[in-house]
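# Summary of the model geometry
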Amino acid sequence: VTLQVSGEGEEVKGAILAAGGKKASPVDIEEGNIAGNKISFTSVAKTRKGDQTIHWEGTLEGSELKMTRKGRGKQGNAEFTLKRAG
């Protein structure tokens, strides 16, 4: 997962790019919020079975973002850590 985010005040904007090769396309972040070292947002993926809303929450600790994803099906619940590129 690649998470591209920017924040201004308490608002988060950006996109998510999940592994998927040539078929993968960015999914925009919606309802993004920052409060201290906490981040939360939703994303809506277009699938053959219809729109799928995924809820994301994370905590920034140094250069790592510990994330929780809550969804259904293949995009089900997961916990993972993202590291800052570069």
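What you see is a predicted model, and the numbers here were worked out from it, not measured in a lab.

### Things to note about the packing of aromatic side chains
Counted according to the given criterion, the structure contains 2 aromatic pairs. Consider the rings of Phe41 and Trp56, whose centres lie 5.7 Å apart with planes at 20°: the pair is stacked. Of this pair, Phe41 sits in strand β4 (residues 38–47) while Trp56 sits in strand β5 (residues 50–61), placing them 15 residues apart in sequence. For the residue pair Phe41 and Trp56, the accessibility class agrees, reading buried in each case. Arranged with centres 6.1 Å apart and planes meeting at 85°, the rings of Trp56 and Phe80 form a pair that is edge-to-face.

### Focus: the sheet that holds strand β2 (residues 11–17)
By definition, the strands of a sheet pair up through backbone hydrogen bonds, in either a parallel or an antiparallel sense. Taking strand neighbours across the sheet as the criterion, the 7 strands line up as β1-β2-β3-β4-β5-β6-β7 in an open arrangement whose pairing is antiparallel. The open sheet terminates on both sides in strands that have one partner only, identified here as β1 (2–8) and β7 (78–83). On average, each strand axis in the sheet is inclined to that of its neighbour by 25°, with strand direction left out of account. Here 7 bridges tie β1 to β2, and the two strands are oriented antiparallel to one another. Its bridge partner being in β2, Thr2 is matched across the sheet by Leu17.

### Concerning the environment of Lys46
With respect to the helices and strands, the residue Lys46 is situated in strand β4. Look at Lys46 and you get exposed, because its relative accessible area is 68%. Considered as a pair, Lys46 and Val27 are 19 residues apart in the sequence and their alpha carbons are 8.8 Å apart.

### Points about the layout of surface pockets
Taken as a whole, the second largest pocket holds about 490 Å³ of empty space. In terms of lining residues, the second largest pocket is bounded by 20 residues, among which Leu3, Val5, Leu60, Leu65 and Arg84 are the most central. Here the element with the most residues in the lining of the second largest pocket is β1; it accounts for 6 residues.

### Observations concerning unusual backbone geometry
Backbone geometry places Glu31, a non-glycine residue, at a positive phi of 55°. Relative to the helices and strands, Glu31 is located in strand β3 (residues 27–35).

Parameters at a glance
Residues numbered from 1 in each chain as written. Predicted model: local features only at pLDDT ≥ 70, side-chain atom pairs only at ≥ 80, totals over all residues. Heavy atoms only, no water. Phe/Tyr/Trp six-rings, centres within 6.5 Å; stacked < 30°, edge-to-face > 60°. Helix = DSSP H or I, 4+ residues; strand = E, 2+ residues; numbered from the N terminus. Buried < 20%, exposed > 50% of the residue type's maximum accessible area, 1.4 Å probe, protein only. Pairing = 2+ DSSP bridges. Axes fitted to C-alpha atoms, helices over the stretch in contact; angles between N-to-C directions. 1 Å grid on protein atoms, 1.4 Å probe; cavity = no way out; pocket = protein on both sides within 12 Å on 5 of 7 lines; lining within 4 Å. Points joined across faces, edges and corners; volume = space filled by probe spheres on them.

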